[in-house]
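What the coordinates show
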Amino acid sequence: MCIRDRDKLTSELNDCAVFITAEPLVSVDTTVSLLSAALKLKKPLVIICPEVSPEAMQTILLNHKQGAVKTIVCAVQQSQEMFGDVAIACNCNVEAVDSVDRVASAEVLFGSATRVTQSMDSTVVSGAADTTHRRNLLQNKLERCMTEDEREVLRERISKLARTFAVIRVGGRSSVEVSEAKDRVIDALNASRNALAEGIVAGGGAALLHATKRLDIMMQEDEDMEQDRRMGILIVRNAARLPMRLIGDNAGEEGAVIVSNVSEYDDTAMGYDAQNNKYVNMFDAGIIDPVKVVSSCVMDAASVAGLMITTCLLYTSPSPRDS
């Protein structure tokens, strides 16, 4: 590779010819053909493949020392689909190695990249082609995926094609601190993804509290409601108001009073800021929850409650105080 910053050991090439293959590059003759085609185009060359033989690498290094063609080699173990994504971005195909010997000139096998930046542990290829069609295809696959692991891989591929990816580096003074910080970053990423998927609501239990007002209206409008149904609505109402009450209790205030004060606001964005001990617009204060998280909590709680009613049994481990 052509080192441009010797302190950081990084290299950068602009307006490059790109050759991509999912097979190891072994033959010296094939390597020479690629270098000759790049020299004819008067462009630097980027070779992306799973592996490069010592002989082929020696040929590339010798060519580089002589100043014939500036070259970056990216030897990376990736799936055929990942190589295909890079090829789409560079407006070329994932070629077989022996295809170089079957064409009159290897120029027809090259794609193009506006910029390629390589460091000791990463390579960023900025392709010159439009990837909209490929992203739409992957998005359709994402909607039909059944497992979270497959979704994660597809999201990563889509973000790379859209050039909207980022690398978050987490550090700390000990392995415990690093592990805790990493968990916090993962939680923040999951919350952000859920927020992008379905939106956000006021946090701190405010959204649940204001939603219970509709339950009060239901009971007032239907005076002949069956007692069992009315009791069920009251259970859900009290459970939905409990998060804000607990937040108030944990802040050293009277939780029931806070719930009563917040419920008097007509604006559903109003809630209680426990850190500053005041009532604020939760969106303006940055206290928010993803809709998907809140709705999942309600549905999971209802599922567990229904299971308890069905089985008429609840088992719990005794605490040390009970023993």
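As a reminder, the structure under discussion sits directly above these lines.
Overview of the structure.

Rules and cut-offs
Residues numbered from 1 in each chain as written. Predicted model: local features only at pLDDT ≥ 70, side-chain atom pairs only at ≥ 80, totals over all residues. Heavy atoms only, no water. Helix = DSSP H or I, 4+ residues; strand = E, 2+ residues; numbered from the N terminus. Rg over C-alpha atoms; globule rule 2.2 N^0.38 Å. Buried < 20%, exposed > 50% of the residue type's maximum accessible area, 1.4 Å probe, protein only. Areas by Shrake-Rupley, 256 points an atom, 1.4 Å probe, with all protein chains shown as cover. Lys, Arg positive; Asp, Glu negative; His and termini not counted. Charge placed at Lys NZ, Arg CZ, Asp CG, Glu CD. 1 Å grid on protein atoms, 1.4 Å probe; cavity = no way out; pocket = protein on both sides within 12 Å on 5 of 7 lines; lining within 4 Å. Points joined across faces, edges and corners; volume = space filled by probe spheres on them. Nonpolar A, V, L, I, M, F, W, Y, C, P; charged D, E, K, R; others polar. Disulfide = S-S within 2.5 Å. Salt bridge = Lys/Arg side-chain N within 4 Å of Asp/Glu carboxyl O. Phe/Tyr/Trp six-rings, centres within 6.5 Å; stacked < 30°, edge-to-face > 60°.

Secondary structure summary: the protein contains 12 helices and 9 strands in total. For a compact globule of 323 residues, the expected C-alpha radius of gyration is about 20 Å, and the protein comes in at 30 Å, more than 25% above that figure. With the C-alpha coordinates aligned to their principal axes, the bounding extent of the protein is approximately 90 × 45 × 45 Å. Classification of the 323 residues of the protein by burial places 30% in the buried group. Accessible surface computed for the protein: about 20600 Å², of which carbon and sulfur atoms make up 53%. The positive charge centre, built from 34 side chains, and the negative charge centre, built from 45, are 7 Å apart in the protein.

Okay, the layout of surface pockets next. Computed from the structure, the second largest pocket encloses a volume of approximately 540 Å³. Taken together, 19 residues make up the lining of the second largest pocket; nearest its centre are V236, A239, A240, V298 and A301. Of all the secondary structure elements, the ones that give two or more residues to the lining of the second largest pocket are α8 (206-221), α9 (227-250) and α12 (291-311). Top element by residues in the lining of the second largest pocket is α12. It accounts for 8 residues. Along the lines of polarity and charge, the residues of the lining of the second largest pocket split into 17 nonpolar, 2 polar and no charged.

Time to look at the state of the cysteines. With the rule as written, the count across this model stands at 0 disulfides. Free of any disulfide, C74 has its nearest cysteine sulfur in C49, 8.0 Å distant. Not part of a disulfide, C92 finds its nearest cysteine sulfur in C90, a span of 5.4 Å. A residue is classified by how much of its surface remains accessible, and C92, at 10% relative accessible area, is buried.

With that settled, the discussion passes to the pattern of salt bridges. Per the stated rule, a full pass over the model turns up 13 salt bridges. Here K40 makes a salt bridge to E107, at a shortest N to O gap of 3.6 Å. Highlighted residues: K40 in helix α1 (residues 28-41) and E107 in the loop between α4 (99-102) and β4 (111-118), separated in sequence by 67 residues. In the salt-bridge network here, residues are joined through shared partners; they are D85, R134 and R157.

Another aspect to go through is the packing of aromatic side chains. Evaluation of the coordinates by the stated rule reveals 2 aromatic pairs. Summarising the aromatic geometry, the rings of Y272 and Y279 are spaced 5.6 Å apart at their centres and angled 50 degrees between planes, so their arrangement reads as tilted. By relative accessible area, which is 5% here, Y272 ends up buried. Among the residues examined, Y279 registers a relative accessible area of 29% and is labelled partly exposed. What links up through ring pairs into an aromatic cluster is the set Y265, Y272 and Y279.

As far as function goes, none of this settles anything; it's purely spatial.
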